[in-house]
Amino acid sequence: NAGVTQTPKFQVLKTGQSMTLQCAQDMNHEYMSWYRQDPGMGLRLIHYSVGAGITDQGEVPNGYNVSRSTTEDFPLRLLSAAPSQTSVYFCASSPTYPTTDTQYFGPGTRLTVL
Amino acid sequence: AQRVTQPEKLLSVFKGAPVELKCNYSYSGSPELFWYVQYSRQRLQLLLRHISRESIKGFTADLNKGETSFHLKKPFAQEEDSAMYYCALLTGGGNKLTFGTGTQLKVEL
């Protein structure tokens with residue numbers, strides 16, 4: 001199986017544009033999450049989902065929306081891109097909660113907002 | 001509030017020297033801690049978790065609740081250990097991972 005996949009790998013947006021970062025996993029994992037990685041700040045949790053139809057906010061949710069209509073997909077939407085959202089975005093999944101299972105990370109999407 | 005602190009942005013050691021990557025945490029509950037590693041051009045991956053009390057690739061980490069620390073150690077560094085290392089704390093009732101800012105380990109020949 002492919003594991004956790006993310007598209008696109010790179011994206012450049014102008015301020016105010018919207019877009020969706022795609023994340024999919026083929027391991028039938030219940031738990032999925034989105035992080036952003038910024039220099040000097042590590043990884044910060046944006047949103048997470050413990051199953052289809054269930055999502056919740058992480059540490060830095062403002063400016064981002066998520067939905068989980070299927071077990072496999074967990075897209076991240078930027079409603080109106082801002083330069084502060086320039087970052088590398090990682091999607092991750094695990095069979096259940098992070099406490100009992102390893103989180104598997106995607107390869108990342110590098111986003112630049114001009 | 002929960003917090004994970006990795007005081008060193010960069011740690012440079014010679015091959016064969018001992019390695020200690022520091023991690024301190026702040027959390028009011030019972031901590032569950034992890035070390036994740038990101039090798040160059042690879043995905044972030046779990047290295048070890050404290051509840052497993054395991055040694056992976058020669059690395060160990062002991063939870064010290066008195067000092068609120070979870071330092072990562074290896075007695076003899078290898079060139080292939082060069083990577084970015086993140087300490088992470090489980091919070092939010094087991095739903096959220098709080099990461100530290102990471103330490104870049106560079107093993108020199």
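Placed above this text is the structure.
Because the structure is a prediction, the values reported are computed rather than measured. Sequence positions are assigned chain by chain, starting from 1 and proceeding in written order. Going through the entries in the order they are written, you letter the chains from A and number the ligands from 1. For this predicted model, a pLDDT threshold of at least 70 governs which residues receive local features, and a threshold of 80 or more governs which side-chain atom pairs are given and counted, while totals over whole chains, interfaces and linings are taken from all residues. To get the side-chain values, take all heavy atoms of the structure and skip hydrogens and water.

**What to know about the overall build of chain A**
Then comes step 1: Counting from the N terminus, the helices are DSSP H or I runs at least four residues long and the strands are E runs at least two residues long. Check the secondary structure of chain A and you find zero helices and eleven strands.
Then comes step 2: From first element to last, N terminus to C terminus, chain A shows the α and β order β-β-β-β-β-β-β-β-β-β-β.
Then comes step 3: Using C-alpha atoms as the atom set, the radius of gyration is obtained and then compared with a globule rule of 2.2 Å times the number of residues to the power 0.38. Taking 2.2 N^0.38 as the reference for a compact globule, 114 residues should give roughly 13 Å; the C-alpha atoms of chain A span a radius of gyration of 13 Å, in line with that estimate.
Then comes step 4: On the principal axes, the C-alpha backbone points of chain A span a range of 40 × 30 × 25 Å.
Then comes step 5: Residue burial is assigned from relative accessible area. The probe radius is 1.4 Å, only protein chains are included, and a residue is buried under 20% of its type maximum, exposed over 50%, and partly exposed in between. Sorting the 114 residues of chain A into buried and exposed places 50% on the buried side.
Then comes step 6: By definition in these notes, contact holds between two residues if any of their heavy atoms fall within 4.5 Å. Put simply, of all contacts in chain A between residues at least 6 apart along the chain, 54% involve residues at least 24 apart.

**What to know about unusual backbone geometry**
Then comes step 1: Following Thr7(A), the chain continues into Pro8(A) via a peptide bond in cis, with omega recorded as -5 degrees.
Then comes step 2: Structurally, Pro8(A) is set in the loop between β1 (4–7) and β2 (10–13).
Then comes step 3: The residue Arg41(B) is not glycine, and still its phi comes out positive at about 65 degrees.
Then comes step 4: Along the chain, the position of Arg41(B) falls in the loop between β5 (33–38) and β6 (45–49).
Then comes step 5: Not every positive phi belongs to a glycine, and Lys57(B) is a case in point at roughly 55 degrees.
Then comes step 6: Looking at the element boundaries, Lys57(B) is found in the loop between β6 and β7 (60–61).

**Some words on the pairing of strand β2 (residues 10–14) of chain B**
Residue and element names in this part refer to chain B.
Then comes step 1: The side-chain alternation of β2 yields one buried face, formed by Leu11 and Val13, and one unburied face, formed by Leu10, Ser12 and Phe14.
Then comes step 2: In short, DSSP must find at least two bridges between two strands for them to pair. With five bridges connecting them, β2 and strand β11 (residues 103–108) associate as parallel partners. Note that in β11 the partner of Phe14 across the bridge is Glu108.

**So, the state of the cysteines**
Then comes step 1: For the purposes of this analysis, a disulfide is any pair of cysteine sulfur atoms at a distance within 2.5 Å. For the structure shown, the criterion picks out two disulfides over all chains.
Then comes step 2: Across a sulfur-sulfur distance of 1.8 Å, Cys23(A) and Cys91(A) are joined as a disulfide pair. Taking the torsion about the sulfur-sulfur bond, which here is approximately -70 degrees, the covalent link between Cys23(A) and Cys91(A) counts as left-handed. Of this pair, Cys23(A) sits in strand β3 (residues 19–25) while Cys91(A) is found in strand β9 (residues 87–94), placing the two residues 68 residues apart along the sequence.
Then comes step 3: Linked covalently through their sulfurs, Cys23(B) and Cys87(B) form a disulfide whose S-S length is 2.0 Å. One disulfide, between Cys23(B) and Cys87(B), carries an S-S torsion of -65 degrees and so falls in the left-handed class. Highlighted residues: Cys23(B) in the loop between β3 (19–21) and β4 (24–26) and Cys87(B) in strand β9 (residues 83–91), separated in sequence by 64 residues.
Then comes step 4: Accessibility expressed as a relative area gives 0% for Cys87(B), which makes it buried.

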